[in-house]
Amino acid sequence: MNHQPDKLVIAHRGASAYVPEHTLAAYALALGQGADGIETDVVLSADGVPVCLHDLWLETTTDVAERFDGRTRSDGHYYAIEFTAEQITQLCAFGRVAREDRPALPCLLVPSLEDLLRFRQLLHRTTGRLFTLLIELKAPHFHREQGKPLEEPVLEVLNRYGCNSADCGVILQSFDAQSLQRLRRELGTHLPLFQLTVHPVTSHQMDEIAAYAQGISAQRWLIEDGEGNPVEGGELASGCHQLGLKLLVWTMGRDEDAVRRMFWQYGADGVITDNPDVAVNARGQET
Ligand code: G3P
Ligand code: CA
């Protein structure tokens with residue numbers, strides 16, 4: 001693993017403020033803007049392949065409805081888990097732009113996690129740069145219910161690409177504590193694990209998290225409110241640091257001052273942002 005700064009800028013679904021989320025173009029732009037890492041979400045295809053998608057269904061960000069008209073479940077969604085990896089990775093990803101605005105965009109494909117790992121290897125081989133890869137396992141409970149646990153296929157592809165040690169630059173995160181504990185205790189991964197949360201974390205909960213994880217990924221509103229004021233109980237960084245945990249904060253955007261405060265006032269070890277260029281600037285301007 002090459003050297004990474006103490007305070008990380010991690011691109012949320014790539015440079016998703018500028019280019020459709022979860023495309024190789026969005027990931028590449030983020031790195032061009034100086035991001036240290038990429039955050040990606042993964043869900044499984046019908047044939048058990050981890051693909052880079054935020055939603056469990058495809059119609060919100062791709063042209064699946066045009067290509068596979070009617071292949072929905074009874075709730076009207078085109079679930080990724082109903083389509084093969086080959087079918088999913090040939091869809092065009094448009095991010096969250098309105099459907100009527102899609103024709104103006106180029107067709108950018110949906111990558112699999114393996115595509116992203118190959119991209120990471122290529123960049124390493126050609127530039128010496130090895131970016132941090134923060135992988136969010138999406139809805140592990142849903143995948144278990146569907147009879148397709150998510151954890152094993154993710155570890156399998158990471159293993160195949162030599163990403164299985166604590167210092168290989170890959171981090172796994174999830175909202176699902178059970179899934180993280182399973183990854184650590186049952187599946188024996190050495191990768192750093194981060195607990196995602198939208199809820200305040202008590203000191204007792206923090207002790208529990210420290211037993212299986214290396215960090216917490218906290219929603220920004222747990223630290224400060226929309227007016228830029230610290231919230232009660234928002235001293236998460238010091239609590240984390242006392243236990244040797246890192247703190248990442250999400251999701252930052254265009255507000256450079258807010259990112260600066262996260263780094264330099266509240267002590268976050270990293271931000272996950274839609275606007276990596278803004279965060280890189282903010283990091284360089286300690287107040
Ligand atoms: O990385 C944190 C953030 O990605 C969690 O929320 O909904 O964007 O996956 P979401
Ligand atoms: Ca995510």
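Details of the structure are given in the entry above.
Figured I'd write up the structure that's included with this text.

Reading the values: the criteria
Residues numbered from 1 in each chain as written. Chains lettered and ligands numbered in written order. Predicted model: local features only at pLDDT ≥ 70, side-chain atom pairs only at ≥ 80, totals over all residues. Heavy atoms only, no water. Helix = DSSP H or I, 4+ residues; strand = E, 2+ residues; numbered from the N terminus. Rg over C-alpha atoms; globule rule 2.2 N^0.38 Å. Buried < 20%, exposed > 50% of the residue type's maximum accessible area, 1.4 Å probe, protein only. Contact = heavy atoms within 4.5 Å. Pairing = 2+ DSSP bridges. Donors = N, O, S within 2.8 Å, 3.2 Å for Na, K, Ca; no water. Disulfide = S-S within 2.5 Å. Polar contact = N/O pair within 3.5 Å; in protein donor to acceptor, adjacent residues only side chain to side chain. Axes fitted to C-alpha atoms, helices over the stretch in contact; angles between N-to-C directions. Parallel < 35°, antiparallel > 145°, perpendicular 65-115°, else oblique. Left-handed = near helix turned anticlockwise from the far one by under 90°. Nonpolar A, V, L, I, M, F, W, Y, C, P; charged D, E, K, R; others polar. Near = heavy atom within 4 Å. Areas by Shrake-Rupley, 256 points an atom, 1.4 Å probe, with all protein chains shown as cover. Salt bridge = Lys/Arg side-chain N within 4 Å of Asp/Glu carboxyl O.

### Thoughts on the overall build of the protein
Here's step 1: Looking only at helices and strands, one finds 11 helices and 11 strands in the protein.
Here's step 2: Scaling as 2.2 N^0.38, a compact globule of 287 residues should have a C-alpha radius of gyration of about 19 Å, and the protein matches this with 18 Å.
Here's step 3: Along the longest, intermediate and shortest principal axes, the C-alpha atoms of the protein span 50 × 45 × 40 Å.
Here's step 4: The burial tally for the protein puts 54% of its 287 residues in the buried class.
Here's step 5: A fraction of 61% describes how many contacts in the protein between residues 6 or more apart in sequence connect residues 24 or more apart.

### Side note on the pairing of strand β6 (residues 132-137)
Here's step 1: For β6, a buried count of six out of six residues is recorded, marking the element as mostly surrounded by other parts of the structure.
Here's step 2: Of the two faces of β6, the one carrying Thr132, Leu134 and Glu136 and the one carrying Leu133, Ile135 and Leu137 are both buried.
Here's step 3: In terms of strand pairing, strand β2 (residues 37-44) meets β6 through six bridges, oriented parallel. Considered in β6, the bridge of Glu39 is made with Leu134.
Here's step 4: Of the pairings in the sheet, the one linking β6 to strand β7 (residues 170-174) comprises four bridges and is parallel in character.

### Concerning the coordination of the calcium ion (ligand 2)
Here's step 1: Each protein donor to the calcium ion (ligand 2) is listed here as Glu39 (OE), Asp41 (OD) and Glu136 (OE); together their distances run 2.1 to 2.2 Å.
Here's step 2: Donor residues for the calcium ion (ligand 2), ordered by position in the chain, follow E-x1-D-x94-E. With a gap of 95 residues between them, Asp41 in strand β2 and Glu136 in strand β6 connect regions that are remote in the sequence.
Here's step 3: The class of Glu136 is buried, set by a relative accessible area of 5%.

### Description of the state of the cysteines
Here's step 1: Scanning the model with the defined rule gives one disulfide in all.
Here's step 2: There is a disulfide in this structure between Cys92 and Cys107, and the S-S distance comes to 2.0 Å. Between Cys92 and Cys107 the sulfur-sulfur dihedral comes to about -95°; the bridge is accordingly left-handed. Highlighted residues: Cys92 in strand β4 (residues 92-93) and Cys107 in the loop between β4 and β5 (108-109), separated in sequence by 15 residues.
Here's step 3: Free cysteine Cys52: the closest other cysteine sulfur is in Cys163, separated by 13 Å.
Here's step 4: Cys163 supplies the cysteine sulfur nearest to Cys168, a cysteine that is in no disulfide, at a spacing of 4.6 Å.
Here's step 5: Residue Cys168 is classed as buried on the basis of its relative accessible area, which comes to 10%.

### Quick look at helix α10 (residues 256-265)
Here's step 1: Of all the positions in α10, only Ala258, Val259, Arg260, Met262 and Phe263 are classed as buried.
Here's step 2: On its buried side, α10 packs onto β1 (8-12), β10 (246-252), β11 (270-273) and α11 (276-283).
Here's step 3: With a side-chain oxygen positioned 3.2 Å from the backbone nitrogen of Asp257, the residue opening α10 is Asp255.

### Observations concerning the side chain of Ser174
Here's step 1: Here Ser174 is to be found in strand β7.
Here's step 2: Polar side-chain contacts of Ser174 include one of 3.0 Å to the backbone nitrogen of Asp176.
Here's step 3: When sequence neighbours within four positions are dropped, the list of residues in contact with Ser174 reads Leu137, Pro140, Leu180, Phe194, Gln195 and Leu196.

### Focus on the packing of helix α4 (residues 113-127) against helix α6 (residues 151-160)
Here's step 1: Put simply, α4 and α6 touch, their axes get as near as 10 Å, and they point 25° apart. With respect to each other, α4 and α6 are oriented roughly parallel. In the crossing of α4 with α6, the sense of the turn from one axis to the other is right-handed. Within the contact between the two elements, α4 uses Leu113, Glu114 and Leu117 and α6 uses Val154, Val157, Leu158 and Arg160.
Here's step 2: Of the residues that constitute the contact of α4 with α6, the class distribution is five nonpolar, no polar and two charged.

### A few points about the site of ligand 1
Here's step 1: His12, Arg13, Glu39, Asp41, His54, Glu136, Lys138, Gln173, Leu196, Trp250 and Ile272 make up every residue found near ligand 1.
Here's step 2: His12 is positioned with one of its side-chain polar atoms (N or O) 2.7 Å from an oxygen atom of ligand 1.
Here's step 3: Interatomic distance of 3.0 Å between a side-chain N/O atom of Gln173 and an oxygen atom of ligand 1.
Here's step 4: Calculation on ligand 1 without its partners gives an accessible area of 290 Å², and the protein chains cover 90% of this total.
Here's step 5: Across the shell around ligand 1, the residue classes break down as three nonpolar, three polar and five charged.

### Some points on the pattern of salt bridges
Two side chains of opposite charge can pair, provided their charged atoms sit close to one another.
Here's step 1: Counted by the stated rule, this structure contains 19 salt bridges.
Here's step 2: In this structure, the salt-bridge partner of Glu152 is Arg182, at a minimum N-O distance of 2.6 Å. Note that Glu152 is positioned in helix α6 and Arg182 in helix α7 (residues 177-186), a separation of 30 residues in sequence.
Here's step 3: In this structure Arg182 comes out as buried when scored by relative accessible area, which is 15%.

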